[in-house]
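Tertiary structure, described
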Amino acid sequence: MKVWLNGQLVDAEEAKVSVFDHGVLYGDGVFEGVRIYGGRIFQAKAHVDRLFASAARIRLEIPYTKQQIIEAMEAACEANDVTDGYIRPVVTRGTGTLGLDPFKCKEPVVFVIADDITLYPREMYENGLAVIIARTIRTPARAADPAVKSLNYLNNIYGKIEAIDAGVMEAIMLNERGEVAEATGDNIFIVEDGNVITPPAEAGILLGITRAVVKRLCEKNGVEFIERSFMPKELYDAEECFLTGTAAEVIPVTRVDETTIGDGTPGPVTRKLLGAFHEFIRSGEEL
Ligand code: PMP
């Protein structure tokens, strides 16, 4: 495998960052998760825009243009014959001293990995996923804004550990007000009266690009798309529930804690959107 590292394609074994890199020492950096389908990077612009927005929010200047990052992603895919897979661009703060000061770091390190990813077994897309509601809350925006896709994923990892300990694969995280925020690596949606409801930015979430695609698909398919906060009770009582993310795509949720959602099988709105999602991928349409 080849990894794109600071402008060069290097063997995976040679793709190394320093132990003094603040990305390693403090999780100081940003990243993206991107898909490539049929040799075409899915929503490349939206991902690169979000990468640069995340970097700007942590006062990290990426030493490449957006176009160069897109080209780096293409180069990483090409070098590994990845036409259908997953791309991970990462920007770390770079090498610095043993102190927090990010401005003592000389030069950000940029690398891009292109590989496969399978988050959930195929049968879960057909039968639905079981999740729990985590006791760990999502980091409040005033602590570390979840809208920034930073290398600090420990909050999400706490949620993931709770899920695994409970014998399921994903956990839903609430915000400090007790409202449903998002899953550890995915956005959440419920269906009520045939309408799709998802927590707004103010709930303290990462504004997913797949979430934006689902919004577009709802508009195209005459499904009302509502952004508003809701409490766990509304999730338990929902007709349908599903998660979205670049790696997960669109996945139905049929159990939350001990509660069966709907009749325990993926509902009609979820199935319609799942079909529309795959059609949208094939269309090559940009948001
Ligand atoms: N929330 C979190 C916390 C995430 O890490 C992700 C990305 N895996 C998402 C939501 C979904 O975002 P996207 O659709 O852009 O992948």
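For every chain, the first residue of the written sequence is number 1, and numbering continues from 1 along that sequence. Where local features are concerned, this predicted model is filtered to residues with pLDDT of at least 70; where side-chain atom pairs are given and counted, the filter is 80 or more; whole-chain, interface and lining totals use all residues. As a rule here, side-chain values come from all non-hydrogen atoms in the structure, and water together with hydrogens is ignored.

**Here we look at the domain arrangement of the protein chain**
- For each domain, the first and last residues come from an automatic or database assignment. For the protein chain, the assigned domains are domain 1 (2-115) and domain 2 (122-283).
- Taking only C-alpha atoms into account, the centre of domain 1 sits 26 Å from that of domain 2.
- By the convention used here, residues are in contact when the closest approach between their heavy atoms is within 4.5 Å. Opposite the 25 residues of domain 1 that make contact, domain 2 presents 21 residues.
- Across the domain 1/domain 2 interface, buried area totals approximately 1800 Å², and carbon plus sulfur atoms make up 63% of it.
- Salt bridges, as used here, are contacts in which a Lys or Arg side-chain nitrogen is within 4 Å of a carboxyl oxygen on Asp or Glu. Our count for the contact surface shared by domain 1 and domain 2 stands at one salt bridge.
- Pairs of N or O atoms are called polar contacts if they sit within 3.5 Å, as long as, within protein, a hydrogen donor faces a hydrogen acceptor (for residues adjacent in sequence, only side-chain-to-side-chain pairs). For the pair domain 1 and domain 2, the number of links is 11 residue pairs in polar contact (both at pLDDT 80 or more).
- Put simply, DSSP H or I for four residues or longer makes a helix, DSSP E for two residues or longer makes a strand, and each gets a number counted from the N terminus. When residues of the side of domain 1 that touches domain 2 are traced back to their parent elements, those giving at least two are helix H1 (22-26), strand S3 (29-31), strand S4 (34-37), helix H2 (44-57) and strand S6 (85-92).
- At five residues, H2 tops the list of elements feeding residues into the side of domain 1 that touches domain 2.
- A breakdown of the residues in the side of domain 1 that touches domain 2 according to their chemical character gives 11 nonpolar, eight polar and six charged. In this description, buried area is defined as the sum, over both parts, of the accessible area (probe of 1.4 Å) that is lost when the two are combined. The residue classification treats Ala, Val, Leu, Ile, Met, Phe, Trp, Tyr, Cys and Pro as nonpolar and Asp, Glu, Lys and Arg as charged. All others, Gly included, are polar.

**Comments concerning the pattern of salt bridges**
- Under the definition given, this model contains 16 salt bridges.
- We note a salt bridge from arginine 122 to glutamate 126, for which the minimum N-O separation is 3.5 Å. Taken as a pair, arginine 122 and glutamate 126 lie in helix H4 (residues 122-127) at a separation of four residues, close to a single helical turn.
- Classification of arginine 122 as exposed rests on a relative accessible area of 66%.
- Glutamate 227 is paired through a salt bridge with arginine 211; the nearest N and O atoms lie 2.8 Å apart. Categorising residues by exposure relies on relative accessible area from a 1.4 Å probe, with only protein chains included: less than 20% of the type maximum marks a residue as buried, more than 50% marks it as exposed, and the intermediate range marks it as partly exposed.

**Topic: the nonpolar core**
- Among the buried residues, those of types Ala, Val, Leu, Ile, Met, Phe, Trp, Tyr and Cys that are joined through side-chain atoms within 4.5 Å form a nonpolar core. Grouped together as the largest cluster of nonpolar side chains are 26 residues, with contacts concentrated most on Ile62, Ile69, Met73 and Ile87.
- Of all elements in the fold, only S4, H2, helix H3 (66-79), S6 and strand S7 (109-115) reach the threshold of two or more residues within this core.
- Looking at this core element by element, the count peaks at six residues for H3.
- What isoleucine 62 contacts, discounting residues up to four positions off in sequence, is Leu51, Phe52, Ala55, Ile69 and Val91.
- Leu129, Leu174, Ala183 and Ile188 belong to the second-largest nonpolar core, a separate cluster that totals 23 residues.

**Brief notes about the packing of helix H7 (residues 209-220) against helix H9 (residues 268-283)**
- Axis definition: a line fit to C-alpha positions, over the contact stretch in the case of helices; interaxial angles, taken between N-to-C directions, run 0 to 180 degrees. Interhelical geometry of H7 versus H9 gives an angle of 105° and a closest axis separation of 10 Å. One way to sum up the angle between H7 and H9 is to call them roughly perpendicular. Here H7 contributes Thr210, Val213, Val214, Arg216, Leu217 and Cys218 to the contact with H9, which in turn contributes Leu273, Ala276, Phe277 and Phe280. Here the word oblique covers every angle except those under 35 degrees (roughly parallel), over 145 (roughly antiparallel) and from 65 to 115 (roughly perpendicular).

**What about the pairing of strand S12 (residues 195-198)?**
- Pairing of strand S11 (residues 187-192) with S12, which is carried by three bridges, proceeds in the antiparallel orientation. Paired with glutamate 192 across the two strands is asparagine 195, which belongs to S12.
- As consecutive antiparallel partners, S11 and S12 are separated by two residues, and within that stretch aspartate 193 has a phi angle of approximately 50°, a positive value.
- Handedness is read with the strands pointing away from the viewer; a crossover is right-handed when the path from the first strand over the helix to the second is clockwise. Regarding topology, H7 serves as the crossover connection from S12 to the parallel strand S13 (residues 225-227), and that connection is right-handed. Two strands pair if DSSP finds at least two bridges between them.

**Structural notes on the site of the ligand**
- We define proximity as follows: a residue is near a molecule or strand when any one of its heavy atoms falls within 4 Å of that partner. Around the ligand, the surrounding shell holds 17 residues, and the nearest of these are Tyr153, Glu182, Ile209, Thr210 and Thr246.
- Note that a nitrogen atom of the ligand is positioned 2.6 Å from one of the side-chain N or O atoms of glutamate 182.
- Between the ligand and threonine 210 there is a distance of 2.6 Å, counted from an oxygen atom to a side-chain nitrogen or oxygen.
- Coverage of the ligand by the protein chains reaches 94% of its 390 Å² of free accessible surface.
- Among the residues forming the shell around the ligand, the class breakdown is three nonpolar, nine polar and five charged. Note on areas: these come from Shrake-Rupley sampling with a 1.4 Å probe, and a residue is covered only by the protein chains present in the view.

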